[in-house]
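Fold and contact review
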Amino acid sequence: MADRYNIRETEEKWRKIWDEKNVFHVTETSDKPKYYVLEMFPYPSGRIHMGHVRNYSLGDVVARYRTAKGYNVLHPMGWDAFGLPAENAAIERGAHPKDWTYENIAAMRVQMKQMGLSLDWGREVTTCAPDYYKHEQKMFLDFLKKGLAYRREMMVNWDPVDNTVLANEQVIDGKGWRTGAPVERRKLNQWSLKITAYAEDLLSAIQTLDRWPEKVRIMQDNWIGKSQGLRFTFDLTGRSEKLDVFTTRPDTLFGASFAAMAADHPLAKDLCAGKDGFDEFVKKCQAQGTSEAAIEQADKFGFDTGFTVDHPFIAGKTLPLYLANFILMDYGTGAIFGCPAHDQRDFEFATKYGLEITQVVAPADGSEVTLPYTDTGVLIHSDFLNGQSVDAAKATAIAKMESLGRGQGVTQYRLRDWGISRQRYWGCPIPIIYCESCGVVPVPDNQLPVELPYDVTFDAPGNPLERHPTWKHTTCPHCGKAATRETDTFDTFFESSWYFARYTDPNNAKIGFAKEKASYWLPVDQYIGGVEHAVLHLLYSRFFTRALSECGYMDTPEPFAGLYTQGMINHMTYKDKDGKWLYPKDVMKDASGNWVLLADPHSPVTAGRVEKMSKSKRNTIDPQDILDTYGADAARMFILSDSPPDRDLEWTESGLDGAWRFINRLHRLVTDNKNLILTAPVGEASEAAQKLQQKAHQTLAKVGSDIEAFHMNKAVARLRELTNMIEAFQPASGDTGLYREAVEFALRGLNPMIPHITEELWAELGHTTLLAQTSWPRINPAFLVEDSVTIGVQINGKLKATITLPIDAPAAEAEKLALSDSGVIRALEGKAVRKVIVVPNRIVNVVVG
RNA sequence: GCGGGCGUGGCGAAAUCGGUAGACGCAACGGACUUAAAAUCCGUAGGGCCGCAAGGCCUGUGGGGGUUCAAGUCCCCCCGCCCGCACCA
């Protein structure tokens, strides 16, 4: 196949040219409007995966398209380079985290460059570099000054064998993943950021994020979890202890039949220590699943303390006090009152323990209800609340409590402050010094950065920084006496909470970024990434933007104006005859269409479900293999076609083949017809050529709006249609000008998706400027309006014929034409026409009776 | 359990201010080229039925009801699948 398109060589050639000409380099000095496209930066695991390919292909389409549309486009890339995998590699393979990380970055950079992305590599950011993290140490100290950072005691998962804190995902069935030792809950002093200070703002500003997926906005809303309610105090009957409770349903107080608190409530121990079954109950609570789903579906159970509390409004009435497994110490006050008639959990609990159930809310229309009834209504059996609506009764109950001085209306959030201390080596050191005389002392600015030492070992349990012979020993900046450094490092979400701002000024040695540059580029106009970051990363970044603004770094209300979350990449799974998972590249279809082993065609293979690509199921495709054999354009095109980007995509070899075939066809279309394309037209253009021209203009207009709406699959389909039409077109001597225009429109429309081949063919047609720097075609609006339209003719709603008539033709004309259609006449034979409905340019419907 | 989403040919999907369902592609089948294959090109195609054919009839967007001249699209009920959930007061 000598005339076959040589991908490797050609793609490589154009990447080199883009690189040499510095095509994707941008500055703030431009009179074009700015556009900031950002894909979530990768963790440098060593190799890119298909999720990356999808993410960056999407971003690159947006970046190249916006560039063509005349924007000054910032499209940067970097590395989220701190994190646990580097330490695991150190422990498992003896590699140093730093060396391992930098080697991975080098390898992945090569792969990413092979994708032909329009990135400004001059802005590459690596978060594990002291040049980067020194700025966030400064930010932390600024937060500290503003009271946005503080220390508090927090519960952690502690592995007693490794002497280390475990992340939640490192706890498997209550045991450490590596040691298998039962995990202890331990209290540690931890640095925290006061994200709760912005709870209200983070919540209300969600409304301004109108270019975010609704799904993500709802998740953030739920995460912040605002609720209004009443906080009040129960007196324990005949005792001095008091119990604070929080409720969102103060209106149901007269239906209260018990009070309950968390097993680890401080009062629980005071009241129940030594009681029969208490320890066992606490253990049972700790052993139960901690997820919301688990709690919701778990059986409700409790422990009767034997004490009672006094009802605040009903003199002489007492309520039994329980410990209950569905009460959480972290939320509200860790204690509630139960109203079984109007709460599902309370109902289950009361039924189980034979507690009274008093209905206090009834539907406004007086209809019968089955309990528990959680809808709104009017109050009954509730003394001074009787007859009030639920909302009014809530307000009345709160007012009454406040006037009695026993409680008050409060706003509660589920959001908790962000604990940022990690007992790990491969993270940014927290710039704090502990002095016996002066206490907690911030590291002075002129001593930043506090750098990670390189000479550490991973042969013993615990944090290497803690064991390092000299690193943590220093002197107190205040008194000069011997002191020790904080050995904890930042949560790695810290780095990713401001990297988007660093890209605007990546080489600034003095400060994280200059305010003017951040103001110019931010907010990110289009952020693209996986939905798995819908809450934490995005919320932390929103918080940082606020906190940094308060500290004078920037003045941007929100970091990401537009957000797009892509779907996952799935692939069929395969198992061999022994039930072991097989890689797709190790299987094939034999002559009769059965799956067999590539290495042994007699050995059958079972093909299973299409599932998310995962290492454990081995249903992964290595992008490197695809890039090497099919090239970047084919990989990009396939991953963009077929499925809408927010949906899961099934990766198939045949689909990829289809993209590959298209690229080769496009290549043949241009090279085989090159002379014809470049021949100057003689005489008038034919009607067919004008139709082709119109199609080209219409296509490009729609491709533009498709890309802006992230309908990449539709954009690809339309461009294929245009290409099909061009292929089928035989230009006459007067047509070559319009023929050329159509071919070039196709290349220009396809360029954001398949930049290499289109650049090659553009040059082939004699252009000396780069397609990557060519603006989007000017669309002639006259071509966007059709002069005729083909509409359906229905009889009683069923299609019988189609008619073609001028656009905006009068209804009478459409009716006349429809009724004169031979098919329609035949279908109407012997039937009485009752009515003819004509919707201009849409439909004619003949109603017969 | 709560919250969100989805369900259209053999497959991925188009079409949603209600107005010709299945664009585009994959797989399949038939044909051309070839000694043969690959590649490429041309053609067929939701399902069922009638017809030599041209063509025609019926049916069809998870299931059941409803609104409408007209429903994939709007309303009600049901079924199935997927995602999120910090131990929600």
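Given the structure is predicted, the values throughout are model-derived calculations rather than measurements.

Conventions used here
- Residues numbered from 1 in each chain as written.
- Chains lettered and ligands numbered in written order.
- Predicted model: local features only at pLDDT ≥ 70, side-chain atom pairs only at ≥ 80, totals over all residues.
- Heavy atoms only, no water.
- Helix = DSSP H or I, 4+ residues; strand = E, 2+ residues; numbered from the N terminus.
- Buried < 20%, exposed > 50% of the residue type's maximum accessible area, 1.4 Å probe, protein only.
- Contact = heavy atoms within 4.5 Å.
- Areas by Shrake-Rupley, 256 points an atom, 1.4 Å probe, with all protein chains shown as cover.
- Lys, Arg positive; Asp, Glu negative; His and termini not counted.
- Charge placed at Lys NZ, Arg CZ, Asp CG, Glu CD.
- Domains from an automatic or database assignment.
- Near = heavy atom within 4 Å.
- Polar contact = N/O pair within 3.5 Å; in protein donor to acceptor, adjacent residues only side chain to side chain.
- Expected span 1.5 Å × (residues − 1).
- Arc of directions from axis to C-beta.
- Salt bridge = Lys/Arg side-chain N within 4 Å of Asp/Glu carboxyl O.
- Core = buried A, V, L, I, M, F, W, Y, C linked by side-chain atoms within 4.5 Å.
- Pairing = 2+ DSSP bridges.
- Axes fitted to C-alpha atoms, helices over the stretch in contact; angles between N-to-C directions.

**So, the overall build of chain A**
- For chain A, the count of helices and strands is 27 helices and 37 strands.
- Dimensions of chain A, computed from C-alpha atoms along their principal axes, come out at roughly 105 × 85 × 65 Å.
- Looking at chain A residue by residue over its 849 residues, the buried ones come to 52%.
- Across chain A, the fraction of contacts at a sequence separation of at least 24, relative to all contacts at a separation of at least 6, is 71%.
- Carbon and sulfur atoms form 50% of the exposed surface of chain A, whose accessible area is close to 38,700 Å².
- Separation of charge centres in chain A, based on 96 positive and 110 negative side chains, amounts to 1 Å.

**Some thoughts on the domain arrangement of chain A**
- For chain A, the domain assignment lists domain 1 (1–18 + 668–784), domain 2 (32–131 + 493–566), domain 3 (149–193), domain 4 (227–413), domain 5 (429–488) and domain 6 (786–848).
- With centres defined by C-alpha atoms, the gap from domain 4 to domain 5 works out at 48 Å.

**What about the protein's contact with RNA strand B?**
- Around RNA strand B, the surrounding shell holds 54 residues, and the nearest of these are Thr-248, Leu-328, Tyr-331, Arg-345 and Arg-414.
- Within 4 Å of the protein, the contacting atoms of RNA strand B are drawn from sugar and phosphate to the extent of 61%.
- Within the side chain of Asn-713, a nitrogen or oxygen atom sits 3.2 Å from a phosphate oxygen of RNA strand B.
- Lys-798 is positioned with one of its side-chain polar atoms (N or O) 3.1 Å from a phosphate oxygen of RNA strand B.

**A closer look at helix α1 (residues 7–20)**
- An ideal rise of 1.5 Å per residue puts 20 Å on 14 residues; α1 measures up with 20 Å between its terminal C-alpha atoms.
- Of the residues making up α1, those classed as buried are Ile-7, Thr-10, Glu-11, Trp-14, Arg-15 and Trp-18. Down the axis of α1, the buried side of the element spans an arc of 130°, and every buried residue falls inside it. Set apart from the buried face of α1 by more than 90 degrees, the exposed residues are Arg-8, Glu-9, Lys-16, Asp-19 and Glu-20.
- Between a side-chain oxygen at the N-terminus of α1 and the backbone nitrogen of Arg-8 the separation is 3.4 Å; the capping residue is Asn-6.

**Section: the pattern of salt bridges**
- If you walk through the whole model with that rule in mind, you get 37 salt bridges.
- The salt bridge involving Asp-142 is made with Lys-145; its shortest N-O contact spans 3.6 Å. Placement of the pair is Asp-142 and Lys-145 together in helix α5 (residues 130–145), with a separation of three residues, close to one helical turn.
- You can call Lys-145 exposed: its relative accessible area is 65%.
- In this structure, Lys-472 engages Glu-466 in a salt bridge whose closest nitrogen and oxygen atoms are separated by 2.7 Å.
- Lys-472 gets classed as buried once you look at its relative accessible area, which sits at 16%.
- Within this structure, Glu-28, Asp-120, Arg-123, Asp-505 and Lys-517 form a network of salt bridges that share partners.

**Section: the nonpolar core**
- Grouped together as the largest cluster of nonpolar side chains are 162 residues, with contacts concentrated most on Phe-140, Phe-143, Leu-193, Phe-544 and Trp-651.
- The element contributing the most residues to this core is helix α2 (residues 50–68), with nine residues.
- Discounting chain neighbours no more than four positions away, the residues touching Phe-544 are Met-139, Phe-143, Leu-193, Trp-418, Phe-494, Ser-497, Trp-498 and Ser-549.
- Core analysis: the second largest hydrophobic core is formed by 40 residues, Leu-271, Phe-281, Val-309 and Met-401 among them.

**Notes on unusual backbone geometry**
- Cis geometry marks the peptide bond from Leu-448 to Pro-449; its omega dihedral reads 0°.
- The peptide bond linking Leu-522 to Pro-523 adopts the cis configuration, its omega dihedral lying at 0°.
- Structurally, the position occupied by Pro-523 is in the loop between α16 (515–521) and β26 (526–530).
- Of note in the backbone geometry, Arg-618 takes a positive phi value of approximately 60° without being a glycine.
- Arg-618 sits in the partly exposed class, given a relative accessible area of 34%.
- The backbone phi angle of Asn-841 is positive, close to 70°, even though this residue is not glycine.
- When you line up the elements, Asn-841 lands in the loop between β36 (833–839) and β37 (843–848).

**Description of the sheet that holds strand β35 (residues 798–806)**
- Ordered by their spatial adjacency, four strands build an open sheet running β35-β34-β37-β36, and the pairing between neighbours is mixed. Two strands lie at the open edges of the sheet, namely β35 and β36, each paired on one side alone. When strand polarity is set aside, the average angle formed by the axes of neighbouring strands in this sheet is 20°.
- Where strand β34 (residues 788–795) meets β35, eight bridges bridge the pair, whose relative direction is antiparallel. Considered in β35, the bridge of Gln-794 is made with Leu-799.
- Along the sheet, helix α26 (residues 811–819) contacts β34, β35, β36 and β37; its crossing angle with β35, the most-contacted strand, is approximately 130°.

**Some words on the side chain of Glu-558**
- For Glu-558, the location among the structural elements is in the loop between α17 (536–550) and β27 (563–566).
- Reaching out from Glu-558, the side chain makes a polar contact with the side chain of Arg-546 at a distance of 2.4 Å.
- Beyond its immediate chain neighbours, meaning those up to four positions away, Glu-558 contacts Ala-205, Thr-208, Leu-209, Pro-523, Arg-542, Thr-545 and Arg-546.

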